Amino acid sequence: MPHPEAQAPVPGPCLFGAGRLIPHLDVISAEIDGVRAADDPEHIHRMRVASRRLRAALPLFSSCFSEKDFRHWMRVIKKITAALGDARDTDVQIAFLKKYLKAQASMAPGTLEPAHAADPITALLSRLQKRRRLLQKQVTSVLDELEEAQVISSLREACVAPEGAVKGRGRERYTGILPVAADRIGRRLRGVHRFEPFVHNPDAVFEHHATRIAAKKLRYTLETYAPLYRRELKKPIARIKRLQDLLGDIHDCDVWIEQMTLAIIKQRARRHPLGAPAGAAVSAVAPLRRLLADRERCRARLYRQFVRYWDALVRTGFWDDLGLAVLEGQRSAFSHRGRLPAKGVREAFVRLSATAPDHEAHSRTVAALALRLFDELAPLHGLSRRDRTLLSLAAIVHDIGWTFGQAGHQKKSAELVFSCADLPVPVREQGIIALVAGLHGGNAPPGGFFFLLPPADRRRVRILASLLRVADGLDYLHAGSVTGIHCTIRETDVHCTLTCTSDTATEKARALKKSDLFRDVFGKTLVIV
């Protein structure tokens, strides 16, 4: 998979992405003729699923393509997914009504109103069938656009691996992807948990549907990165699919409940001819009421199953186990084996820091100040020597994002650390270093990787970032004027005295301004004199 720009990720992630995208292209290509023929709804179903998976996976590897091509592909894929979705939803509704009418017809005589009572449901079925025929024209139209735009062929061509890239073994071919995968999975996992407060609210219809969409995105992201993990995350994916299916069935019931409620209101508001039978209005509404009641009972039953299933996932620690699997469950072929000596690890980070040569001296100064703060405040934070090492490494690379300019350089620094293939540290530590580096410029909400971390590691990130922020402020002018610092921990504040080579009023002011995270973490005000 070619790289359009010098700053694109290393070949490993793009090569991996090619292997995940091409199967979806194959399914779409194989189903085109069947979808055009419209003689079997399963063609629509399979192509819709493949297009949704492609739409979910393609942005994960967007850096591997030119921005122009990526936007064009996404626009066309979005259109085909929407058209297929409308057609598939209508197919599902038609199939349900046919099954429902057949079940009603098989009931014992005397349990239903006269035959004409089923007319509103039969009429609805006819309208859906007519709508499906119209939707088929839209499906055909977007298929024409898909083929005319040559999206499948151009995307497949862009997914061809660079010459020689396929010769390496697994670890060499796919390096640089594990921390990025963990961060993106964490973002999807956080998206699901956003709606946890609404799980036990049976009337939170919108939020239940949003939970289903979030679960679907999480599942597709897990499936995309599954080959990187032991047993390909089959059990977690199966459990999330079960959650998604329950929420999907609940949503189908909600759609029917809304449609039948509106149909009953509309039917009751109709004006009947003066000569119509006295029971005509009642007979016309009764089938709608019966279908409404059926879907409400089904919805209540499915909702109880959903709540029990969610509670079981929480009770058994499923979500925590999933986070741990993403952080530590990588296949050995893609993981670092053993640890290099401390000198070798540091050299790897120094090489990464060299990508922003104008800031290397500043980074060394900030690293020294951050370590001094760490040592002075050891009784306050209680962290280990390994945490001290992580702080040092984060300080070395905290400004590499400047290669893309000042605006947003903190976020870019974190992204570069996440995606670097040459850092000989475990995935968890690489992510912690990236988060600490990314937080040096502001107390911005952490990303998905932070969500995966257990509480103790989240605390480590915040403590280390608070120290790095202060140290960065103490060298705000990049002049190296602050050469030492001594701190005294007091009841309500931390009093620090600086050793300087020149006036440091600007640096002191900047460090105090950046001490907000320090205050939040330790509950003490920082005083610098």
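Owing to the predicted nature of the structure, the values given are computational and were not obtained by experimental measurement.

Asker: Is there a simple way to explain the overall build of the chain in this structure?
Answerer: Across its full length, the chain carries 21 helices and three strands. Counting the 529 residues in the chain, one finds 48% classified as buried. Of the contacts formed within the chain by residues at least 6 apart in sequence, a portion of 77% connects residues at least 24 apart. A total of about 25900 Å² of accessible surface is found on the chain, and carbon and sulfur atoms cover 53% of it.

Asker: Looking at this model, I keep getting lost on the sheet that holds strand β3 (residues 525–528). Mind explaining?
Answerer: Backbone-to-backbone hydrogen bonds pair the strands of a sheet. The strands run either parallel or antiparallel. As summarised here, the arrangement of the three strands in space is β1-β2-β3, forming an open sheet in which the pairing is mixed. With one partner strand each, in any of the chains shown, β1 (482–489) and β3 form the two edges of the open sheet. Strand after strand, the sheet turns through a mean of 25° between neighbouring axes, direction not considered. Taken together, the seven bridges between β1 and strand β2 (residues 493–500) define a ladder with antiparallel strand orientation. Residue pairing across strands places G484 opposite T499, the latter belonging to β2.

Asker: So what exactly am I meant to see when it comes to the state of the cysteines here?
Answerer: By definition, a disulfide is the covalent link that joins the sulfur atoms of two cysteine residues. Using the criterion set out here, one finds two disulfides in the structure. Disulfide pairing is shown between C14 and C64; the S-S distance is 2.0 Å. Across the disulfide from C14 to C64, rotation about the S-S bond amounts to roughly -90°, and the bridge is consequently left-handed. You can see C14 sitting in helix α1 (residues 11–37) and its partner C64 sitting in the loop between α2 (41–57) and α3 (67–105), a full 50 residues away along the chain. No difference in accessibility class separates C14 from C64, as the two residues are buried. Disulfides within the chain link the bonded cysteines, taken in sequence order, as 1-2, 3-4. Looking at C298, it has no disulfide partner, and the nearest cysteine sulfur is the one in C253, 3.6 Å off.

Asker: How do you make sense of unusual backbone geometry when you look at a structure like this?
Answerer: Glycine aside, the phi torsion of most residues is negative, and most peptide linkages are trans. A positive phi is found at L233, a non-glycine position, where the angle reads about 55°. With respect to the helices and strands, the residue L233 is situated in the loop between α8 (205–225) and α9 (234–268). A positive phi angle, close to 55°, is found at H478, a residue other than glycine. Residue position: H478 is located in the loop between α19 (455–474) and β1.

Asker: How should I be thinking about the packing of aromatic side chains in this particular structure?
Answerer: Both the distance between ring centres and the angle between the ring planes are used here to describe each pair of aromatic rings. Per the stated rule, a full pass over the model turns up 12 aromatic pairs. Centre to centre, the rings of F318 and W319 are 5.0 Å apart; their planes meet at 70°, and the pair counts as edge-to-face. The exposure classification of F318 matches that of W319, with both residues buried. Taken together, the ring pairs connect Y303, F306, W310, F318 and W319 into an aromatic cluster. Lying over the aromatic face of F451, R458 brings its terminal NZ or CZ to 5.5 Å of the ring centre.

Asker: Explain the confidence of the model for the chain to me, please; I cannot follow it from the model alone.
Answerer: Note: predicted coordinates in regions of low pLDDT should not be interpreted at a detailed level. Model confidence for the chain is summarised by a mean pLDDT of 87, while 88% of its residues fall at 70 or above. The lowest-confidence element of the chain is helix α6 (residues 170–173), averaging 52 in pLDDT; the highest-confidence one is α8, averaging 96. Note that residues 162–168 has pLDDT below 50 and, in this model, seven contacts with residues that lie over four places away or in other chains.

Asker: Would you mind showing me how to read the packing of helix α17 (residues 427–438) against α19 here?
Answerer: Two numbers describe a pair of packed helices, the interaxial angle and the distance between the axes. It is at 8 Å that the axes of α17 and α19 come closest, and there the two elements cross at 40°. What the angle tells us is that α17 and α19 run oblique. Between α17 and α19 lies a crossing of right-handed hand. Along the contact surface, α17 presents R428, I432, L435, V436 and A437, while α19 presents D457, R460, V461, L464, A465 and L468. Its residues placed into classes, the contact of α17 with α19 shows eight nonpolar, no polar and three charged.

Definitions and cut-offs
- Residues numbered from 1 in each chain as written.
- Predicted model: local features only at pLDDT ≥ 70, side-chain atom pairs only at ≥ 80, totals over all residues.
- Heavy atoms only, no water.
- Helix = DSSP H or I, 4+ residues; strand = E, 2+ residues; numbered from the N terminus.
- Buried < 20%, exposed > 50% of the residue type's maximum accessible area, 1.4 Å probe, protein only.
- Contact = heavy atoms within 4.5 Å.
- Areas by Shrake-Rupley, 256 points an atom, 1.4 Å probe, with all protein chains shown as cover.
- Pairing = 2+ DSSP bridges.
- Axes fitted to C-alpha atoms, helices over the stretch in contact; angles between N-to-C directions.
- Disulfide = S-S within 2.5 Å.
- Phe/Tyr/Trp six-rings, centres within 6.5 Å; stacked < 30°, edge-to-face > 60°.
- Lys NZ or Arg CZ within 6 Å of the ring centre and 35° of its normal.
- pLDDT = per-residue confidence, 0-100.
- Parallel < 35°, antiparallel > 145°, perpendicular 65-115°, else oblique.
- Left-handed = near helix turned anticlockwise from the far one by under 90°.
- Nonpolar A, V, L, I, M, F, W, Y, C, P; charged D, E, K, R; others polar.

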